[in-house]
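Tertiary structure, described
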Amino acid sequence: MTSIDPFATRASGRLRLFVYGTLKRGFANHEHFCQGLLDFHEAEIRGRLYDGPGFPLLQVPGEDILAEGTGRAMHDLAVQLRAADQVRSSSRSADRSAVTGSWDTVYGELFSFSDPEARLPAIDRLEGFNPGHASLYRRVLVPVVTRDACEVTWVYVVETPGLKERRLYSGRWPEV
């Protein structure tokens, strides 16, 4: 018997994903994995960006993580929508000071998709996100700042980059 996820059954909305590497527009994986993109905005996130082996690695402060991805697309969309409602009704705002402190500002793009069940599993596989098993990346829900607002979005992060990765203090990948 399959259990019904009460959150997922009520979820309808746009899945939000912050991208900072090969999924950005004009990069290797965008065309294949980002079909169905509804819109995009330049965005900033608090974190530390590293130059990995052909792709970037991102760390974010633990206190910014609102939820962990489960690998169940509709459930994760429902969690995102609930968290967005809570952030909107809380004291968090689009104040740019949210991306300061001992962490860097990391620049990327905030994507919106209407088809999480089609998009998210494929992107999870690309990123090597496999909940409950060893994975390079975790998918976490965090606040990001756009020109107009503070949004809640999913992003792929690493626990700890290896010693060989070079930190990108510019907050941009690739660094020019």
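Keep in mind it's a predicted model, so treat the numbers as computed, not measured. (Residues numbered from 1 in each chain as written. Predicted model: local features only at pLDDT ≥ 70, side-chain atom pairs only at ≥ 80, totals over all residues. Heavy atoms only, no water.)

**Topic: the pairing of strand E1 (residues 15-19)**
Burial analysis of E1 places five of its five residues in the buried class, the great majority of the element. Neither face of E1 is exposed, since Leu15, Leu17 and Val19 on one face and Arg16 and Phe18 on the opposite face are all buried. Two elements, E1 and strand E5 (residues 104-113), share five bridges in a ladder whose sense is antiparallel. In the strand pairing of E5, Leu17 is matched with Phe111. (Buried < 20%, exposed > 50% of the residue type's maximum accessible area, 1.4 Å probe, protein only. Helix = DSSP H or I, 4+ residues; strand = E, 2+ residues; numbered from the N terminus. Pairing = 2+ DSSP bridges.)

**Describing the environment of Thr70**
As for its placement among the helices and strands, Thr70 is situated in the loop between strand E4 (67-68) and helix H3 (73-89). A C-alpha to C-alpha distance of 9.6 Å links Thr70 and Arg138, two positions 68 residues apart in sequence. Beyond its immediate stretch of four places on either side in the chain, Thr70 contacts His75, Asp76, Phe129, Pro131 and Arg139. Here Arg72 takes part through its backbone nitrogen, which lies 3.0 Å from a polar atom of the side chain of Thr70. (Contact = heavy atoms within 4.5 Å. Polar contact = N/O pair within 3.5 Å; in protein donor to acceptor, adjacent residues only side chain to side chain.)

**Things to note about the confidence of the model for the protein chain**
Residue-level pLDDT values for the protein chain average 88, and 88% of them are 70 or greater. Element-level pLDDT for the protein chain is lowest in helix H1 (residues 6-9), with a mean of 46, against a maximum mean of 98 in E4. Here residues 4-10 scores under 50 on pLDDT; set against residues more than four positions off or in separate chains, the count is nine contacts. Residue range residues 93-99 is modelled with pLDDT below 50. Its contacts to residues more than four positions away, or to other chains, number 18 contacts. (pLDDT = per-residue confidence, 0-100.)

**Quick notes on the layout of surface pockets**
Estimated volume of the largest pocket: approximately 230 Å³. Elements that contribute at least two residues to the lining of the largest pocket include exactly strand E2 (37-51), E5 and strand E6 (138-146). When residues in the lining of the largest pocket are grouped by element, the largest group, four residues, is from E2. Class assignment of the residues belonging to the lining of the largest pocket gives a composition of five nonpolar, three polar and eight charged. Empty space within the second largest pocket amounts to approximately 190 Å³. (1 Å grid on protein atoms, 1.4 Å probe; cavity = no way out; pocket = protein on both sides within 12 Å on 5 of 7 lines; lining within 4 Å. Points joined across faces, edges and corners; volume = space filled by probe spheres on them. Nonpolar A, V, L, I, M, F, W, Y, C, P; charged D, E, K, R; others polar.)

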